[in-house]
2 protein chains.
Amino acid sequence: MTDTLPHDAGLWRGVESGADDEEFLGLLRAGTALVEPVLREAVGRLHVSLASVCRYHLGWDGAPSVAGTGKRVRPVLALLSVRSAGAPERFAAVAGTAVELVHQLSLLHDDIMDGDTERRGRPTAWAHFGTGAAVLTGDALVVQAVATIFHARAPGASAATEELIGAVEQMVAGQAEDLALEHRSAHEVSVPRYVGMARGKTGALFGCAAALGAVLAEASPPVVRALRAAGSDLGVAFQILDDVLGLWGDGALTGKPVGTDLVRGKKTLPLVLAAGSDTADGRRLAALLGPAPLPPALVPEVMGLLDATRSRERAEEVAARHVASAMAALDAAELPTDVRQQWHSLIGGLSQRRS
Amino acid sequence: MTDTLPHDAGLWRGVESGADDEEFLGLLRAGTALVEPVLREAVGRLHVSLASVCRYHLGWDGAPSVAGTGKRVRPVLALLSVRSAGAPERFAAVAGTAVELVHQLSLLHDDIMDGDTERRGRPTAWAHFGTGAAVLTGDALVVQAVATIFHARAPGASAATEELIGAVEQMVAGQAEDLALEHRSAHEVSVPRYVGMARGKTGALFGCAAALGAVLAEASPPVVRALRAAGSDLGVAFQILDDVLGLWGDGALTGKPVGTDLVRGKKTLPLVLAAGSDTADGRRLAALLGPAPLPPALVPEVMGLLDATRSRERAEEVAARHVASAMAALDAAELPTDVRQQWHSLIGGLSQRRS
């Protein structure tokens, strides 16, 4: 669920890039600017000791992190959701804050679950403040997220609460599935099972973010459905590219040493594709990888087999199919022309992230 | 937040006991029977791996625990809340399940925060399944709690959702305050600050449980306020008696070695009262206790000073005042006579628990 996408415009077929860079950066800035005050209000409502943990985790306090405060990708989805419905932008501040709070909860708790001691070049919150403080801060954030959307002054506040609750349920189930798959052999995990996991772990909150602003505004059900479906597919693609970056990305940019996922037994899509491929290399890989964690000494051999089975390219093809599906859903929906263009810019811009 | 109350009828002044024992046990059985099916449905909605953690934690699976599945105190409050409003008992099943799910989240995550490896004579969930699984199961439970009340088919479902969200916010803040006080010297903590902490940590969910059924039924605001206030005061008393039991209770019954709270630096009410008393013993205690954890070798000396300052009796007096306040709120409220009697039985019965 980290905000990392590789530099490879070819991944996002059909999405023009370059010309839209300025528009993309403008969207990121607008999303961040919109949610920041509401996010700070929500953090300000926490017990002072939890607010400290949160301010550090968000990069507002403490030593500067190598990658600033992180991108606010989900709030931008919420912003475009609101614009898709022609609704007031204050709805985006509320919807964007709610999904960002859930995302930050997931990062706080995932770092504990994965035992990660660093994020963006600084100690993770649990490593800095202790596990207890980080667990409790996450609990506080999920409650604030629900409270933020529940108390929204918008006609669709109740439906939006339902949307958010459902997304968090799916996200938690997806995370549970991700943990469960760590104990399965890669060749036992099918691509549909992987996609189902990614659709929960990352797609649910992306889909919620893309739909939530429109739900708050009581937009038409077909528009809401299209936005939710597009966001969900985009989330699956985002997760796949995160997998790719974890294997072939620049560890200095991602803040995550290459091979971490392999050693941990994460069933990333490239691994699933390679171990499931009916080739000598695939069978060799499946034999190397048991349900137990991979000894670090075997990482180079596994990487060689991943390359030999073209698993990076094949994973990127699966991501591209999900992006195409997201684009198709948006193109088929009744959206204002300028907003449709902004969706294109957002998807194109995300494709150029390397961290 | 453990369900432990000492055997000392004198604690609950003005509450007759003995004759009501049968009624009390009947209430406990009725509360458990009402929530069990809805609780099992909620657990059944979780990812299979989280459902396993939950079933173990709830005592449904695994080796029998020394104290069964635990008492369902909060669901009984929800049951009497519904009866206070003359509403259908199916509202109690929903309200009781929601508060019980929140309570179970708090136990799961508190065990992690406190590093407790045993609960009811068995390994705690995190000790058995790992920290990550226990963190994630707690996240799933809080979302299920909100979903359960949000989707209740009752006229006051929306108001009840607000009530529950507010209670969880206060509970988390109270837990944060409890952790923060571990790092303060006992003589720096005032009784009002302690009570504020207990009102959040334990009182908020008790108050919510006592109000929630009536809120679902859209009972009159004065009745809801009286029930919430009574539950909150009862929760404070419950927490104080939990403190007392942790110091002077039977470790074999409570499942918690006597002195654990002292060594951990917990600012229990007896400690706060003793360290703040303007006596030679009080000053000696305050000097012994710094903000750091207490060396186990000093536990006997501290216990002696707690006895010398009559801190148990004084803590029980504070608890009794909160019980009296709860009773006064209930007596002033417009309740059916038989339901008022059931509240008396519940409070009387709880006073006889020793674990």
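Rules behind the numbers
- Each chain carries its own residue numbering, running from 1 in the written order of its sequence.
- As a convention, the first chain written is A and the first ligand written is 1, with the rest following in written order.
- Two thresholds apply to this predicted model, a pLDDT of at least 70 for residue-level local features and 80 or more for giving and counting side-chain atom pairs, whereas whole-chain, interface and lining totals are computed over all residues.
- Segments assigned H or I by DSSP are reported as helices when at least four residues long, segments assigned E as strands when at least two residues long, and all are numbered from the N terminus.
- Exposure in this text rests on C-beta crowding, where 20 or more other C-beta atoms within 10 Å of a residue's own make it buried, 12 or fewer make it exposed, and counts in between make it partly exposed. The C-beta atoms are placed from the backbone.
- Residue pairs are scored as contacts if the distance between their C-beta atoms, which are placed from the backbone, is within 7 Å.
- Alignment of the copies relies on least squares applied to C-alpha atoms, considering only residues that score at least 70 for pLDDT in both.
- For every residue, the pLDDT score states the predictor's confidence, bounded by 0 at the bottom and 100 at the top.
- Axes, fitted as lines to C-alpha atoms, cover a helix only where it is in contact. Angles between the N-to-C directions of the axes lie from 0 to 180 degrees.
- Oblique is the label for every angle not falling under 35 degrees (roughly parallel), over 145 degrees (roughly antiparallel), or within 65 to 115 degrees (roughly perpendicular).
- By convention, the crossing between two helices is left-handed when the near helix turns anticlockwise from the far helix through less than a right angle, and right-handed when the turn is clockwise.
- Only Asp, Glu, Lys and Arg are considered charged, only Ala, Val, Leu, Ile, Met, Phe, Trp, Tyr, Cys and Pro nonpolar, and every remaining residue, Gly among them, polar.
- The nonpolar core is taken to be a set of buried Ala, Val, Leu, Ile, Met, Phe, Trp, Tyr and Cys residues joined by way of C-beta atoms within 7 Å.
- Think of it as the arc spanned by the lines of direction from the helix axis to the C-beta atoms.

1. A look at the overall build of chain A
When helices and strands are tallied, chain A shows 16 helices and two strands. Expressed as a percentage of the 355 residues in chain A, the buried residues total 59%. Sequence separation of at least 24 residues holds for 78% of the intrachain contacts in chain A that already meet a minimum separation of 6.

2. A closer look at the relation of the copies chain A and chain B
Look at the two chain copies: a rotation about an axis and a shift along it is all it takes to match them. Under the fitted operation, chain A is carried onto chain B by 0.0 Å of movement along the axis and a turn of 180°, and the coordinates agree to an RMSD of 0.0 Å. Here the copies are linked by what is in effect a two-fold axis.

3. Digging into the confidence of the model for chain A
Residues and elements named next belong to chain A. The predicted model of chain A has a mean per-residue pLDDT of 90, with 90% of residues at 70 or higher. Counting contacts from residues 1-19, a segment whose pLDDT is below 50, to residues more than four positions away or on other chains yields 56 contacts. Scored as a whole, the predicted complex attains pTM 0.93, and scored at its interfaces, ipTM 0.92.

4. Structural notes on the packing of helix H6 (residues 131-150) of chain A against helix H6 (residues 131-150) of chain B
In the contact formed by H6(A) and H6(B), the axes pass within 11 Å of each other and the chain directions differ by 25°. Put simply, H6(A) runs roughly parallel to H6(B). Viewed along their axes, H6(A) and H6(B) form a crossing whose handedness is right-handed. Where H6(A) abuts H6(B), its residues Thr131(A), Val135(A), Asp139(A), Val142(A) and Val146(A) lie against Thr131(B), Val135(B), Asp139(B), Val142(B) and Val146(B). Residues belonging to the contact of H6(A) with H6(B) are distributed by class as follows: six nonpolar, two polar and two charged.

5. Quick look at unusual backbone geometry
You will see that Arg120(A), though not glycine, has its phi angle at about 50°, which is positive. Summarising the element assignment, Arg120(A) is placed in the loop between strand E1 (118-119) and strand E2 (122-123). The phi torsion at Arg310(B) lies on the positive side, around 55°, for a residue other than glycine. Turning to its location among the elements, Arg310(B) is positioned in the loop between helix H14 (299-308) and helix H15 (311-332).

6. Quick look at the nonpolar core
Ala95(A), Leu212(A), Ala95(B) and Leu212(B) are the most contacted members of the largest nonpolar core, which has 250 residues in total. Apart from residues no more than four positions distant in its own chain, Ala95(A) is found in contact with Ala78(A), Ser81(A), Val82(A), Ile149(A), Ala160(A), Leu212(A), Gly213(A) and Leu216(A).

7. Side note on the environment of Lys201(A)
Residues and elements named next belong to chain A. Turning to its location among the elements, Lys201 is positioned in helix H8 (residues 191-216). Lys201 gets classed as buried once you count the C-beta atoms within 10 Å, which come to 25. Each C-alpha atom of the pair Lys201 and Glu169 lies 9.9 Å from the other, and the pair is 32 residues apart in sequence.

8. Quick notes on H14(B)
Residue and element names in this part refer to chain B. All buried positions along H14 are accounted for by Val302, Leu305 and Leu306. All buried residues of H14 project into a common sector of 105° when viewed along the axis, lining one side. In this structure, the buried side of H14 is in contact with helix H9 (221-248), helix H11 (260-264), helix H12 (269-276), helix H13 (280-288) and H15. Just downstream of H14, Arg310 is the residue with a positive phi angle, here 55°.

9. Notes on the environment of Leu136(B)
Along the chain, the position of Leu136(B) falls in helix H6. Residue classification places Leu136(B) among the buried positions, given that 29 C-beta atoms sit within 10 Å. As a C-alpha pair, Leu136(B) and Ile112(B) span 24 residues in sequence and 12 Å in three-dimensional space. With sequence-adjacent residues up to four places away left out, Leu136(B) is seen in contact with His109(A), Met113(A), Val172(A), Gln175(A), Ala176(A) and Leu50(B).

10. Comments concerning the interface of chain A and chain B
With 31 residues of chain A in contact, the opposing surface of chain B contributes 31 residues. Those elements that place two or more of their residues in the side of chain A that touches chain B are helix H2 (48-57), helix H4 (90-114), H6 and helix H7 (157-181) of chain A. It is H7(A) that provides the largest number of residues to the side of chain A that touches chain B, a total of 13 residues. Partitioning the side of chain A that touches chain B into residue classes produces 19 nonpolar, eight polar and four charged.

11. A look at the packing of helix H8 (residues 191-216) of chain B against H9(B)
All names here are of chain B. The N-to-C vectors of H8 and H9 enclose an angle of 140°; their axes lie 6 Å apart at closest approach. Judged by the angle between their axes, H8 and H9 are oblique. Helix-helix and strand crossings are classified by hand; for H8 and H9 the assignment is right-handed. Its residues placed into classes, the contact of H8 with H9 shows 18 nonpolar, seven polar and three charged.

12. Some points on the environment of Glu169(B)
With respect to the secondary-structure elements, Glu169(B) resides in helix H7 (residues 157-181). On a C-alpha basis, the gap between Glu169(B) and Asp243(B) in space is 23 Å, while along the polypeptide they are 74 residues apart. Each residue touching Glu169(B), except ones within four places of it in the same chain, is listed here: Val143(A) and Ala147(A).

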